[in-house]
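Structure at a glance
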Amino acid sequence: MCAEQLNRPAEPPQLPTRSDFKLGAMGEKAVLVRLMLPDGLTSFKQIDQPTRLHRLKVMRSLETRLEQSLSGTHPDWKWELVTSYDTILLTFDPLNSPVTASAIQAFLESELASQVVEWQTSRTLGETKTGRLHRIGVYYGGQAGPDLERVATLNRITPEELIELHTGTIYTSQVIGFAPGFAYLGDLPPGLVAPRLPQPRPRVPGGTVAMAAGLTGVYPFDLPGGWNLIGATPFTIFDITRQPPIRFVPGDRVQFYRLTEKPTDTVLDHW
């Protein structure tokens, strides 16, 4: 490889075209928009990290457009958007609102086509409502993180080195799942192995910071769970009185920092 190739900046991921998306009914009260896998790939695991993040931004951009359009022109449809990593589910209430499945399908076809034209014309994804950076304080180890030393030993590093790796990475909220407010944050630093527990715990306290299978996350409230527990945060992750009630929306970035449980600790829980 010549020096010119080595110094050449990586080409940005291509913006999607209409053929990259598929629409399909999900029962009688929902339609799913799916961003298909890139040509030649058969599994999500084959997608490299830069492309994953680009696809995530694509769906957040489309979600922003759909939400604005629905709020402005169809508030009576009794709709809800449920966004995942590469899908958006538009649910509606045909029994209590003047909307039909065919109207929903036509709406999505029109909005998707217009959004694709905007992307291709501007060559950018435009503004989205996501992408905030959250800094979350964590008390590592001890009773709150009983698996910290074991995971460090598994990776042939010290607990201090594991903490440095965990706090030295900025994670992206890839999808909300498992429970309300539980964000799958990825990816863990390369080479850091943390397999799921063979037997899930029946109760993991809310605020516990955990890691497994290349990801990390924070339990929003008391839940059963099979991830490795490495610490806990005093920060609120899920608050039903807020809108939205979840702290991390898909596309947000999260960086953890260490708390020491000393009187000098200042915990600023800004949401």
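Residues numbered from 1 in each chain as written. Predicted model: local features only at pLDDT ≥ 70, side-chain atom pairs only at ≥ 80, totals over all residues. Heavy atoms only, no water.

**Focus: the pattern of salt bridges**
Any two side chains of opposite charge can pair, so long as their charged atoms come close to each other. Heads up, the condition is: What makes a salt bridge here is a side-chain nitrogen of Lys or Arg within 4 Å of a carboxyl oxygen of Asp or Glu, nothing more. By definition, any uninterrupted DSSP run of H or I lasting at least four residues is a helix, any uninterrupted run of E lasting at least two residues is a strand, and each is numbered from the N terminus. Relative accessible area decides the class of each residue, using a 1.4 Å probe on protein chains only: under 20% of the type maximum gives buried, over 50% gives exposed, and in between gives partly exposed.
Taken as a whole and assessed by the stated rule, the structure comprises 12 salt bridges. The partner of Arg-201 in a salt bridge is Asp-147, and the shortest N-O contact between them spans 3.0 Å. You can see Arg-201 sitting in strand β8 (residues 201-204) and its partner Asp-147 sitting in the loop between β5 (133-140) and α4 (148-154), a full 54 residues away along the chain. Exposure remark for Asp-147: the relative accessible area of 5% places this residue in the buried category. For Asp-269, the salt bridge identified is with Arg-247, shortest N-O distance 2.7 Å. Taken together, the residues span a long stretch of sequence, with Asp-269 in the segment after β13 (253-259) and Arg-247 in the loop between β12 (228-232) and β13 at a distance of 22 residues. Owing to a relative accessible area of 32%, Asp-269 belongs among the partly exposed residues under this scheme.

**Digging into the sheet that holds β5**
Operational definition: By the convention used here, strands pair only if DSSP detects at least 2 bridges between them. To get an axis, fit a line to the C-alpha atoms, keeping to the stretch in contact for a helix; angles then go from 0 to 180 degrees between the N-to-C directions. Contacts are residue-level and defined by heavy atoms, with any inter-residue pair within 4.5 Å sufficient.
Overall, mixed pairing links the seven strands, which are arranged β5-β12-β9-β10-β7-β6-β13 in a closed barrel. Here the average twist between neighbouring strands, direction ignored, is 45 degrees. As paired strands, strand β6 (residues 171-176) and β13 are joined by two bridges and run antiparallel to one another. Residue pairing in the sheet places Thr-172 in a bridge with Arg-253 of β13. Sitting on the sheet, helix α2 (residues 49-73) touches β6 and β7 (183-186), and the angle it makes with β6 is about 55 degrees. Lying on the sheet, helix α5 (residues 159-167) is in contact with β5, β6, β9 (208-212), β10 (215-218), β12 and β13; it crosses β13 at an angle near 145 degrees.

**Comments concerning the sheet that holds strand β3 (residues 80-83)**
Read across the sheet, four strands follow the order β1-β2-β4-β3 without closing on themselves; strand pairing throughout is antiparallel. Unpaired on one side and paired on the other, β1 (21-25) and β3 mark the two borders of the sheet. Taken pair by pair, the neighbouring strands of this sheet meet at an average axis angle of 20 degrees, ignoring direction. Bridging between β1 and strand β2 (residues 30-35) involves five bridges; their strand directions are antiparallel. Counted as the bridge partner of Leu-23 is Val-33 from β2. Contacting β1, β2 and β4 (87-91), helix α3 (residues 101-122) runs over the sheet at an angle of about 170 degrees to β1.

**A look at the confidence of the model for the protein chain**
Rules: The predictor's confidence in any single residue is recorded as pLDDT, a number from 0 to 100.
A residue-level look at the protein chain finds 94% of positions with pLDDT of 70 or above and a mean pLDDT of 88. Contacts for the low-pLDDT stretch residues 1-10, under 50 throughout, to residues beyond four places or in other chains number one contact.

**Points about the packing of aromatic side chains**
Two aromatic rings, taken as a pair, are described by how far apart their centres are and by the angle between their planes. Note the threshold: Planes of paired rings set the category: under 30 degrees apart is stacked, over 60 is edge-to-face and the rest tilted, where pairs are Phe, Tyr or Trp rings (Trp by its six-membered ring) whose centres lie within 6.5 Å.
In total, this model carries 10 aromatic pairs according to the counting rule given. Note on Phe-182 and Tyr-184: the rings are 5.2 Å apart at their centroids and 75 degrees apart in plane angle, and the pair reads as edge-to-face. Of the two residues examined, Phe-182 and Tyr-184, each falls in the buried class. Centre to centre, the rings of Tyr-184 and Trp-227 are 5.8 Å apart; their planes meet at 70 degrees, and the pair counts as edge-to-face.

**Thoughts on α3**
Inclusion rule: Multiply 1.5 Å by the residue count of a helix minus one, and that product is the helix's expected span. In this context, the arc is that of the directions from the helix axis out to the C-beta atoms.
Its 22 residues place the ends of α3 32 Å apart at the C-alpha level, agreeing with the 32 Å of an ideal helix rising 1.5 Å per residue. Inspection of α3 places Ile-104, Phe-107, Leu-108, Glu-111, Leu-112, Gln-115, Val-116 and Trp-119 among the buried residues, and these make up the whole buried set. Down the axis of α3, the buried set is contained in an arc of 155 degrees. They therefore lie on one face. When the buried face of α3 is taken as reference, the exposed residues oriented beyond 90 degrees from it are Ser-102, Val-117 and Thr-121. Check the buried side of α3 and you find it contacts β1, β2, α2 and β4. Following α3 by one or two positions, Arg-123 has its phi on the positive side, about 60 degrees.

**Quick look at the side chain of Thr-216**
Put simply, the rule reads: Pairing of N or O atoms within 3.5 Å defines a polar contact, subject to two protein rules: one partner must be a possible hydrogen donor and the other a possible acceptor, and residues neighboring in sequence count only if both atoms are side-chain atoms.
As for its placement among the helices and strands, Thr-216 is situated in strand β10. Relative accessible area serves as the criterion here: at 0%, Thr-216 is assigned to the buried category. Among the polar contacts made by the side chain of Thr-216, one reaches the side chain of His-166 at a distance of 3.0 Å.

**Some details on the environment of Gly-186**
Here Gly-186 is to be found in strand β7. In this structure Gly-186 comes out as buried when scored by relative accessible area, which is 2%. Sequence-wise, Gly-186 and Thr-216 are 30 residues apart; in three dimensions their C-alpha atoms are separated by 6.4 Å. Filtering out sequence-adjacent residues up to four positions away, Gly-186 remains in contact with Gln-49, Tyr-171, Thr-172, Gln-174, Gly-214 and Leu-215.

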